[in-house]
Structure formats: C-alpha cells, structure tokens
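Summary of the model geometry
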Amino acid sequence: MSAGVEVVQAYTPIVLTDPSEYRPEVKDTSKFRDFRIHNTPAHVVRTYDAMHTYQTLAFVKDRLEHWGRLDHDHLTVMEALEKLNNLVDESDPDIDLPNSYHAFQTAEGIRKNHPDKEWLQVTGLIHDIGKLMALWGEPQWAVVGDTYPVGCAPDPCIVFGVESFHKNPDMKDKKLNTRLGIYEENCGLDKVYMSWGHDEYLYLVLRANNHSLPEEALAIVRFHSFYPWHTGEAYKYLCNNKDSEMLVWVKEFNQYDLYTKAPEMPDTEALYDYYEGLLRKYLPGKLRW
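Since the structure is predicted, the reported quantities are computational estimates derived from the model, not experimental observations. (Residues numbered from 1 in each chain as written. Predicted model: local features only at pLDDT ≥ 70, side-chain atom pairs only at ≥ 80, totals over all residues. Heavy atoms only, no water.)

**Topic: the overall build of the protein**
The secondary structure content of the protein amounts to eleven helices and two strands. Going from N to C terminus, the protein has its helices and strands arranged as α-α-β-α-α-α-α-α-α-α-α-α-β. Put simply, the protein has 289 residues, and 55% of those count as buried. (Helix = DSSP H or I, 4+ residues; strand = E, 2+ residues; numbered from the N terminus. Buried < 20%, exposed > 50% of the residue type's maximum accessible area, 1.4 Å probe, protein only.)

**Describing the pattern of salt bridges**
The tally for this structure, following the rule as stated, stands at 13 salt bridges. For D62, the salt bridge is made with R63, and the minimal N-O distance between the two is 2.9 Å. Like R63, D62 is buried. The salt bridge partner of K242 is E215, with a shortest N-O separation of 3.4 Å. Taken together, the residues span a long stretch of sequence, with K242 in helix α10 (residues 241-259) and E215 in helix α8 (residues 215-223) at a distance of 27 residues. Linked through salt bridges whose partners overlap, the residues forming this network are D62, R63 and E138. (Salt bridge = Lys/Arg side-chain N within 4 Å of Asp/Glu carboxyl O.)

**A closer look at the packing of helix α7 (residues 198-208) against α8**
Any two packed helices are characterised by the angle at which their axes cross and by the distance between the axes. Where α7 contacts α8, the axes come no closer than 7 Å and their chain directions differ by 150 degrees. On the basis of their axis angle, the class for α7 and α8 is roughly antiparallel. Where α7 abuts α8, its residues D199, E200, L202, Y203 and L206 lie against L218, V221, R222 and F223. By residue class, the composition of the contact of α7 with α8 is six nonpolar, no polar and three charged. (Axes fitted to C-alpha atoms, helices over the stretch in contact; angles between N-to-C directions. Parallel < 35°, antiparallel > 145°, perpendicular 65-115°, else oblique. Contact = heavy atoms within 4.5 Å. Nonpolar A, V, L, I, M, F, W, Y, C, P; charged D, E, K, R; others polar.)

**Quick notes on the UniProt feature "binding site: Fe cation" (unreviewed entry) in the protein**
Here the UniProt-annotated "binding site: Fe cation" (unreviewed entry) positions come out as H102, H127, D128, H198, H224 and D257. Structurally, H102 can be placed in helix α4 (residues 99-113). Secondary-structure assignment places D257 in helix α10. Note on D257: relative accessible area 8%, which makes it buried. (UniProt positions renumbered as here; feature names shortened; annotations may be inferred.)

**As for helix α11 (residues 268-282)**
Helix length check: α11, at 15 residues, gives a terminal C-alpha distance of 19 Å against a target of 21 Å (1.5 Å per residue), a fit within 8%. In the structure, α11 departs most strongly from a straight axis at Y274, where the bend amounts to approximately 30 degrees. For α11, the set of buried residues is L271, Y275, L278, L279 and Y282. (Expected span 1.5 Å × (residues − 1). Bend = angle between axes of the 7 residues up to and from the residue.)

**Details of the nonpolar core**
Grouped together as the largest cluster of nonpolar side chains are 80 residues, with contacts concentrated most on L125, I126 and W289. Contacts of I126, omitting those with residues within four sequence positions, involve V77, L202, L206, L213, V221, L279 and L283. (Core = buried A, V, L, I, M, F, W, Y, C linked by side-chain atoms within 4.5 Å.)

**Focus: the packing of aromatic side chains**
Scanning all chains against the criterion turns up 16 aromatic pairs. On the basis of an interplanar angle of 80 degrees and a centroid distance of 5.9 Å, the ring pair of F104 and Y275 is categorised as edge-to-face. Note that F104 is positioned in helix α4 and Y275 in helix α11, a separation of 171 residues in sequence. If you follow R111 out to its NZ or CZ, it ends over the ring of Y274, 3.9 Å from the centre. The ring of Y237 carries R179 above its face, with NZ or CZ at 3.9 Å from the centroid. (Phe/Tyr/Trp six-rings, centres within 6.5 Å; stacked < 30°, edge-to-face > 60°. Lys NZ or Arg CZ within 6 Å of the ring centre and 35° of its normal.)

**Digging into the side chain of Q121**
Turning to its location among the elements, Q121 is positioned in helix α5 (residues 118-126). Judged by its relative accessible area of 0%, Q121 is buried. For Q121, the side chain forms a polar contact with the main-chain oxygen of H114, separated by 3.0 Å. Ignoring any residue separated from it by four or fewer positions in sequence, one finds Q121 in contact with A107, I110, R111, H114, P115, Y274, Y275 and L278. (Polar contact = N/O pair within 3.5 Å; in protein donor to acceptor, adjacent residues only side chain to side chain.)

Laid out in structure tokens, this is it:
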C-alpha cells in the first residue's frame, strides 16, 4: 500500500461454511434495488458508507498499481468460480446468494434468449469473478457495489446520494469536487478513473491475459455495476461515441445480471461441460490474477 493511502477493513465478510445447503430467499423482482434506508439491510448501508468515504482518486490509483501486478494467483475461470462458492456480496439488497451460483444463473438467462451469442454467455458467467479480491484481503467496499467515476463530483443518482460522500476527502479538493473535475467534456470513459471494485479488476485481468472476447464484452465487464450511467443516465458528458455504442450492450446485459436472481440453485454440475467448452474457446487455460 502506498504511503498516504489507507485501506480500512470495516467488518468481516459474509462467508458460507456449507454453500451446498444454502437456500436463500429473494424479493419480488419489482422491488429489486430498493436502497431506501428503512428497507436496506444494515450491512449494505455499512458497505456503501465505507465505499463513499474511502474511495478517493488516490485510493483508486493505488489499487490499480497493486492489483495490476497480477501476482496473486494463476487460475482458470472455473477454478475462480469455485473459489466464489463461499462468497456473498454484502452490497446486494435483494438476495444473499453465493456468487458462483449467480454466475451460472446469469449465463443461463442469456443462453435462453441469445443462444447464438456464445461470447455474451461467457460474459455472464465471468462478470463477477473479480470479487476474488475479497477472498485475498480486499474489504468488500472496494470489491462490490455500484461503481461511479472518481476525480469529479458524485452524481445525485448514486446510491444514498451526494450526502453520503460528506466524509470523503476528495470532496474538499477544488480540483476533484466539480462536475468535470480532472476530466474534459466527452473525453471517453477509457480516460476516466472508476471507483475500485470487481468490475475494474476483471477488466484489468482480461486486458492482461489472452482471450477472444469482443470489445462489447469488455465494456460489460467494466461497466455492469455503473448503474448511474446505464440506468440513471448520468455522466453522459464524460462519454464519447464509442461509449454510446457500448451502452446498448451494457443495458442488454443488465436485465440478466439483475433479474435472473432466484433462490433456486442452478445444477452447476450439469452445466459444467457446456461452459467449459465455451471457456476453452474464449478464455483458455490459467489466467494471471
């Protein structure tokens, strides 16, 4: 960790001792993503409070350097998914489902409606495996939850609103607390520092390893948690034409990421061979993490 950048482990992650016996309950999908304080579990509120307090521009740059070394492990995608059997996302207000199951639910939802788009099915399977960071010591407020640009003022549509950033030191820096901050109008999201989390990490991993996924898949991986953009229509002033083209696919993906959540566990053993075949095509062998 670089000098002046402090990582705070605010609480112990939710870890399941026997995920095979796990039977979660899930809300009616019409009530998904309800972040009103009186409806939201306390651990979700704590996660976002820490995120909006400690995710500064300096912190994000430090995490990019730290995780960009890719020196934590060598794993296939299936090995990475297996490690996520015991991890529950502490930012999700809708269901506390082990992330490995959510991966297969998302991929299967996509396969049902897009049987001809293998790359999109693979993207559904892998989109959350950057959450491995939580198993390697990163606090969940720097792993999960909605993402947003740092280095400029937060948009009011971010979860819990602008007021939730009142303890963030960047909000006292005149170079960082304006609409554009360090950026230029329509500079493109490629030039924007996003809050650190599993999206940015997996995007970094994919760019550093061999794969044959299209640009649309990389955009989905990097921005599927960027709800202020793909759902709230915020930060369009930072986007260029390429971002507008990619937004179509991020929106398409979002419906499967969000609405395939269900308490029924997918039969991962029955699905293994099919997805292993796709991974040999698009993400073969072990990746550097």
